[in-house]
Structures are given as C-alpha cells and as structure tokens.
Amino acid sequence: MNKQINKFLVDLPFIMIISLFLLTVMGITVTVVLGAFSHSWVGTVLPSDWTFYNIMHAWSFYEIGRYYIVSLKIVVMATFLSLVCAIPTGYILARKNFAIKGLLEKFFKLPILLPELLIGIPLASLFYSIGLAETYAGVVLVLMVIGIPFGLSIMIPFMEAMDSRVEIAAQTLGANKLVVITRIVIPQLIPGITTTLINVFVRLFANYALVLLLGGPGTYTLTIKVFSTLANARSESQGLLNALTVYYMIPMLGFTSLSLVLQNVLKKRFGSK
Amino acid sequence: MEQQIKKGDYLLLLPSAIPITILFILPLLYSLSLIFTTPVYDELGKEIYSDSNYEYHYKGEINRYRQYNPETNEYTGNDLRPYDIKSRSEIYKQVKTWGFQNIKTFFMTKRYRVTILNTFRLVIPASLVQFLLAFSMAYYLRKKIRGKFFLTTMIIFPLTLGSLIIASGMTNLFRTSGWFNLFLLKVGLIENPIVILYTYWGTFIAITIGGTAFLFSGFLAICEQFDPNLEVAALTLGANRFKTFLLIFLPLTMPSLLGIFSLGTVLMLGLYPSAVLVGDPVNTTRVFAVAAFEEFQQAFNYNMAATVSLVLTLSQVVVLIVLGRIRRLFYIGFGGTFK
C-alpha cells in the first residue's frame, strides 16, 4: 500500500505536466472550432448561441475556394518537382559510397537549417528584377529550395533500409536491370516515397516566409491569406476569423491523418524493416 | 550494404544539386552583395540614379530628375520624369557604394539593435522551458503504459497544427474572457483577468507549445532506445531511482537530447507568425524576422533586410557553437539497446 502511494507521488509531477500540456493543446483546437460555430461567446464556458453563419460567410468573404485552388496548384507542382529531383539523388546518397558524400549530405541540409529569410530576400530581389516574382513559376521554384532538401531528409532513411541483396538475388535469378527496377526497387520504394510526398506537401503548404516574400496577390496561398487576415484583423468578428482558421485546419489535419493511415496500410502491404 | 559509385551515378546527383546551387548558393552570394552595398542619397535624402554617362538628381519643385554631368560638373538641362527613370531599371541604376554601412547602421540604430536582445530574451527562456517539458514527458512515456499511443500523438499534435493555428487558437483560449482566465477566476487564483495576448507572454506560450512538440518527437525515440538493463544494473547495485536517473540516464542520453535541442533552438530564432499574431511586434517581440519583413515590405530596403537576416544567421551559428561546446562536456557513447 505504502509502495503504491510512493509510486503515485513519483508519477504525479509527470502526470500533471502531461495533462497541463494536453489541456492547452486541446483548448486551442477546441475553442477554434467552437468559436467558428457560434455568434457571440463572451464570458461563458460554452457559446450561448450556435450558428452556421460564420462558416458560410467566411467561404465567400475570404474567397476560400480561390485560395484552395491557388494553393493546390502551387504546392502540388512544387511537391511533384521536388520529388522528381530528390528521388534519383536520394537513391545515390543512400546506396552508394563516395568521397564527397558527407559533404554533399551537409550541403543538402543547409537550406532547411538556415533561416528562410536568408534565401528569400536575395531571391525575391533577384526575381523582382527578372520579372519572375509574383508568378506561379517563381513561387514554385522558390518552394523547391525547401522541398528538395526536406524530401531528401525524409526519403534517405527509407532508402537506406532497403536490402540491396534482394536486388542481387533477383539478378542472379536472371532478371535484367529493367525488371529489377520495376519489380524489385520501385515496389520497395513506394512506402518511403508516399510518406515523403505527404510530408513535403504539408510542409510546403504551411510555408509562409518564402511565399510571402516571393508571391503576389494572384499567387498567395491560403497560408498567407490566413496570416495576413489574422495579422490585420480590425473589424472582423472573432467567429469569422475562427471559421477561416477552420478552413485552414481541414487540409492540414486531412493530409496528416492520410499520412498516418497510409503508413499503416503500406506497412502491411509491403512490409517494413 | 553500400556499393561503390560508378561514373554514371554522379549524373543522378545533378537533379537536386543543380536547382539547389542555382536557387540557394547564388542567392546567398547575391545576399552578400546586398549586405555590403548601400544606396547613396543626396543632401535632400533622395536617391541618385545613373546611366553610365550621366547622374540624375531629383528636383522637388519641378518633380523631375535633372541630368547631371559629373565630368563637367553641371546640369545639362535634359530633365526626366520619375516614371521614366524608375520604369527602366535596365538603363538607370541607383547609385550605391560598397562598405560596411548597413552593418554599422544595424548596430548603431536602436530599432535594429533591439531585435537581438528581444529574440534571445524570448528564445533562451522558452527553449529551457521546452526542454524541461519535453524531456519530462518523454522520460515518463518511454515505457509501455496504457494510452501511450494516444498521449504521444496528442503531444506531437501542435506540429501538425503549425504556428498559425496555434496562434489563432490562443486568441480564443487566452483572451480575457477565454477559458484560461475563466478557470483561474473561478478557482479564485486571480481577481482580474490576466492579459497574455499581444504581450511578450503570448509569443512565449505560442513558441513553447510548438517547440515542446518538436523536441518531444525527437526526445521520445531517444528515451525509448535507452537500454533499461543499465538502469536495472544501477538499481541492483543499490542506487535509488533519483540517483539512477541523475548518474546513469541523464549523462548517457544528454548528447543526443542536446543535438535535437540545438536544432529546435536554431529554428526558433527565426520565429515570425507567433511574434506578430499573439505578441507585441512593436516593442517586446520585435524579433529579427519582424524587422526583416518590415524593411522588405514597407521600406523596400532590400539591403537592410538582407543585413538583418545575416545577423539572424550569425546568431544561429553562435547558438550552435555554444550548444556544441556544452554537448562535448558529456560522455558521447552508446546507451542504446543492442537489439
């Protein structure tokens, strides 16, 4: 009995810290959603009256549909191009051994370690002088600076985990190079690439510094819209701002849960080490 | 199993190496040229333009740029409208000088200089609090306990939300009529609501939430990998739990923890949305990024904006060096399980 009390007393501070942190996190999320569905919410535990007005009005007031499409266009393109560039390089970095490998790995980490401002400001200044700024191409290009290194950093561990003896075994059993790539390498790569894809997508979707520096009214993503609206909010009601945040939260949560589900499915389908 | 590289394999490195070199290394070099050039202004504080033969000085009364011949030292009488000059930047270049003027300005002017102090005043306490929170949670959750998956997922959840949603949610939770103040008032801990939003503490809490989730996601793996046999060995030899933690667990995990900690701290130095949305970006949370964006978007002074981001980068390097030194004080070895 005494021992149990003792154990509880030792655990108590940990339990308190965890609950405090989780309560804050949940409070932040729940109040946004509650606030989005309420008219006025002052001084009570729960809002006094519920409404769909904010959610409906925010859609047209903030042109959410347009921003979804612009974000999708930019981020899908940037993610796709980043992966196309990163996959061959990641494969070599994970599999082959060569003199400048360590140096190259550090080089590819730099863009995600250094502040985005350091790259963004000179790039914006350059892009403005050659007319690339505020265009789709300009924003996609600048997002690739983050997309490629981030993709590499997620992809390489997956590729390192692949057993190259399987490929050698296939070759000794008579498979040619093409068969090895299509039947052995690519199926093994699918889980890693899917995970990378979703993570890069979410990261680029949430990027604010580079898009804010390089983008223009026609190429601002939803992230920028949310940021600038929240930063300059004067007359909008809290409920409307919450509705905007909810619209921003939906794709973020959607893609993250997709990544969790896919990871589980792919693990079962292809197996993992 | 690693293989030796063949010649053709180097080609496969190019798809990443070329874009990164063009879009990252070249801008960095260009950034240096931005930092070390300053626009030249005339006595009236107006910029001077030049094609390779003539200079153009602005004259306010007639709203024209007057063509000036530096060799003969006189105006030629050929005046141009401001639009003609500014719309043709390929011919008329702003006159700039090389030098350390921007860096001097940064350290001489108070509104730039305070960014260093403000950033570190936020980041140092916040990162220490994050470390304590994340480490104690990871230490407790390292063993298999009931509800572990749910708890760890929820602790990492703020990473998914991102700093914008955290800030937006905080404006609900921490406002004077929000749940936080409501609870404290009900319990009787305070008599008047505490103002947290749009002060130093708003930003402090926002970065602490995001940073703790980031550190925890790294710390948990480190704490899980720690070999429990080492703890058992210490316990059987007569150490109590606290002593085991202090003399066995902490020293062996510290180097890896500090590795993640320095990454988190370095990334935090560039904070921006939380400083603007829930902080007081004019006074106490005027951090590096706030000043840099202000120079870029409002003053159009790209040279100064680049200088601010250089100082930000240098502070990151300083933090990395200091934390690297601290890390070397610990034994760097293997405390993991041989599975």
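Please read these numbers as outputs of a predicted model, since none were measured by experiment.

## Brief notes about the overall build of chain A
So, point 1. Scanning chain A for helices and strands turns up 11 helices and one strand.
So, point 2. N-terminal to C-terminal, the α/β element order of chain A is α-α-α-β-α-α-α-α-α-α-α-α.
So, point 3. Since a compact globule built from 273 residues should have a radius of gyration of about 19 Å, the 24 Å found for chain A marks it as more spread out than a globular shape.
So, point 4. The dimensions of chain A, computed from C-alpha atoms along their principal axes, are 75 × 75 × 30 Å.
So, point 5. Buried positions account for 49% of the 273 residues belonging to chain A.
So, point 6. For chain A, the exposed area adds up to about 13,000 Å²; of that, 70% sits on carbon and sulfur atoms.
So, point 7. Charged side chains in chain A number 19 positive and 10 negative. The centres of these two groups are separated by 11 Å.

## Points about the overall build of chain B
So, point 1. Assigned secondary structure in chain B consists of 12 helices and eight strands.
So, point 2. A globule of 339 residues ought to have a C-alpha radius of gyration of about 20 Å, yet chain B, at 28 Å, is considerably larger.
So, point 3. Along the first, second and third principal axes, the C-alpha set of chain B runs to 95 × 70 × 30 Å.
So, point 4. A burial count over chain B gives 47% of its 339 residues as buried.
So, point 5. If you sum the accessible surface of chain B, you get close to 17,900 Å²; carbon and sulfur atoms cover 64% of it.
So, point 6. Placing the 30 positive and 20 negative side-chain charges of chain B at their respective mean positions leaves the two points 15 Å apart.

## Details of unusual backbone geometry
So, point 1. Positive phi outside glycine occurs at Glu134 of chain A, with the angle close to 70°.
So, point 2. Mapping Glu134 of chain A onto the fold places it in the loop between helix H5 (116-130) and helix H6 (136-160).
So, point 3. Unusually for a residue other than glycine, Tyr198 of chain B sits at a positive phi of about 60°.

## Overview of the domain arrangement of chain A
Residue and element names in this part refer to chain A.
So, point 1. When the domains of chain A are assigned, the result is domain 1 (2-51) and domain 2 (54-270).
So, point 2. For domain 1 versus domain 2, the separation of C-alpha centres amounts to 33 Å.
So, point 3. Domain 1 puts nine residues into the contact, and the matching count from domain 2 is eight residues.
So, point 4. Carbon and sulfur atoms make up 69% of the area that domain 1 and domain 2 hide from each other, which totals about 600 Å².
So, point 5. Considering only the surface of domain 1 that becomes buried against domain 2, Val32, Ala36 and Phe37 emerge as the three largest contributors, covering 60% of it.
So, point 6. Seen at the junction of domain 1 and domain 2, the total is zero salt bridges.
So, point 7. Here domain 1 is connected to domain 2 by one residue pair in polar contact (both at pLDDT 80 or more).
So, point 8. Class assignment for the residues of the side of domain 1 that touches domain 2 results in four nonpolar, five polar and no charged.

## A short note on the packing of aromatic side chains
Any two aromatic rings considered together are summarised by their centre-to-centre distance and by the angle between their planes.
So, point 1. The final tally for this structure, using the stated rule, is 38 aromatic pairs over all chains.
So, point 2. Taking the centre distance of 5.7 Å and the plane angle of 25° together, the rings of Phe205 of chain A and Tyr248 of chain A count as stacked. Residue Phe205 of chain A is found in helix H8 (residues 177-205), and its partner Tyr248 of chain A is found in helix H11 (residues 238-270); the two are separated by 43 residues along the sequence.
So, point 3. Residue classification places Phe205 of chain A among the buried residues on the basis of a relative accessible area of 6%.
So, point 4. Here Tyr200 of chain B and Trp201 of chain B contribute two aromatic rings whose centre-to-centre distance is 5.1 Å and whose plane-to-plane angle is 90°, an arrangement assigned as edge-to-face.
So, point 5. Residue Trp201 of chain B is classed as partly exposed on the basis of its relative accessible area, which comes to 48%.
So, point 6. One aromatic cluster is present, formed by Phe14 of chain A together with Phe131, Phe135, Tyr139, Tyr140, Phe219, Phe226, Phe245, Phe249 and Phe261 of chain B through successive ring pairs.
So, point 7. Stacked on the ring of Tyr75 of chain B, the Lys or Arg Arg66 of chain B has its end atom at 4.6 Å from the ring centre.
So, point 8. When the ring centre of Tyr139 of chain B is taken as origin, the NZ or CZ atom of Arg142 of chain B, which lies over that ring, is 4.1 Å away.

## A short note on the interface of chain A and chain B
So, point 1. Residue-level contacts link 81 residues of chain A with 77 residues of chain B.
So, point 2. Summed over both sides, the interface between chain A and chain B buries roughly 7,200 Å², with carbon and sulfur atoms accounting for 77% of that surface.
So, point 3. Connecting chain A to chain B are 11 residue pairs in polar contact (both at pLDDT 80 or more).
So, point 4. Residue classes in the side of chain A that touches chain B are distributed as 61 nonpolar, 15 polar and five charged.

## Things to note about the pattern of salt bridges
Between side chains of opposite charge, a pair can form when the charged atoms approach closely.
Residue and element names in this part refer to chain B.
So, point 1. Enumeration over the complete set of coordinates arrives at 11 salt bridges over all chains.
So, point 2. Close ionic contact of Arg66 with Asp79 constitutes a salt bridge, the shortest N to O distance being 3.9 Å. Placement of the pair is Arg66 in strand S5 (residues 64-69) and Asp79 in strand S6 (residues 74-80), with a sequence separation of 13 residues.
So, point 3. Judged by relative accessible area, which is 23%, Arg66 ranks as partly exposed.
So, point 4. For Asp79, a relative accessible area of 29% gives the class partly exposed.
So, point 5. Between Lys148 and Glu224 there is a salt bridge; the shortest N-O distance is 2.6 Å. Within this pair, whereas Lys148 is found in helix H5 (residues 148-173), its partner Glu224 is found in helix H7 (residues 200-225), the two being separated by 76 residues in sequence.
So, point 6. On the basis of relative accessible area, Glu224 is assigned to the partly exposed category, the value being 36%.
So, point 7. In this structure, a network of salt bridges that share partners links the residues Arg111, Arg286, Glu294 and Glu295.

## Some words on the confidence of the model for chain B
So, point 1. Scored by pLDDT, chain B has a mean of 88; 96% of the residues are at 70 or more.
So, point 2. Across chain B, element-level confidence peaks in helix H4 (residues 110-140) of chain B with a mean pLDDT of 95 and bottoms out in strand S1 (residues 3-4) of chain B with 67.

The rules behind the values
Residues numbered from 1 in each chain as written. Chains lettered and ligands numbered in written order. Predicted model: local features only at pLDDT ≥ 70, side-chain atom pairs only at ≥ 80, totals over all residues. Heavy atoms only, no water. Helix = DSSP H or I, 4+ residues; strand = E, 2+ residues; numbered from the N terminus. Rg over C-alpha atoms; globule rule 2.2 N^0.38 Å. Buried < 20%, exposed > 50% of the residue type's maximum accessible area, 1.4 Å probe, protein only. Areas by Shrake-Rupley, 256 points an atom, 1.4 Å probe, with all protein chains shown as cover. Lys, Arg positive; Asp, Glu negative; His and termini not counted. Charge placed at Lys NZ, Arg CZ, Asp CG, Glu CD. Domains from an automatic or database assignment. Contact = heavy atoms within 4.5 Å. Buried area = accessible area lost by both parts, 1.4 Å probe. Salt bridge = Lys/Arg side-chain N within 4 Å of Asp/Glu carboxyl O. Polar contact = N/O pair within 3.5 Å; in protein donor to acceptor, adjacent residues only side chain to side chain. Nonpolar A, V, L, I, M, F, W, Y, C, P; charged D, E, K, R; others polar. Phe/Tyr/Trp six-rings, centres within 6.5 Å; stacked < 30°, edge-to-face > 60°. Lys NZ or Arg CZ within 6 Å of the ring centre and 35° of its normal. pLDDT = per-residue confidence, 0-100.

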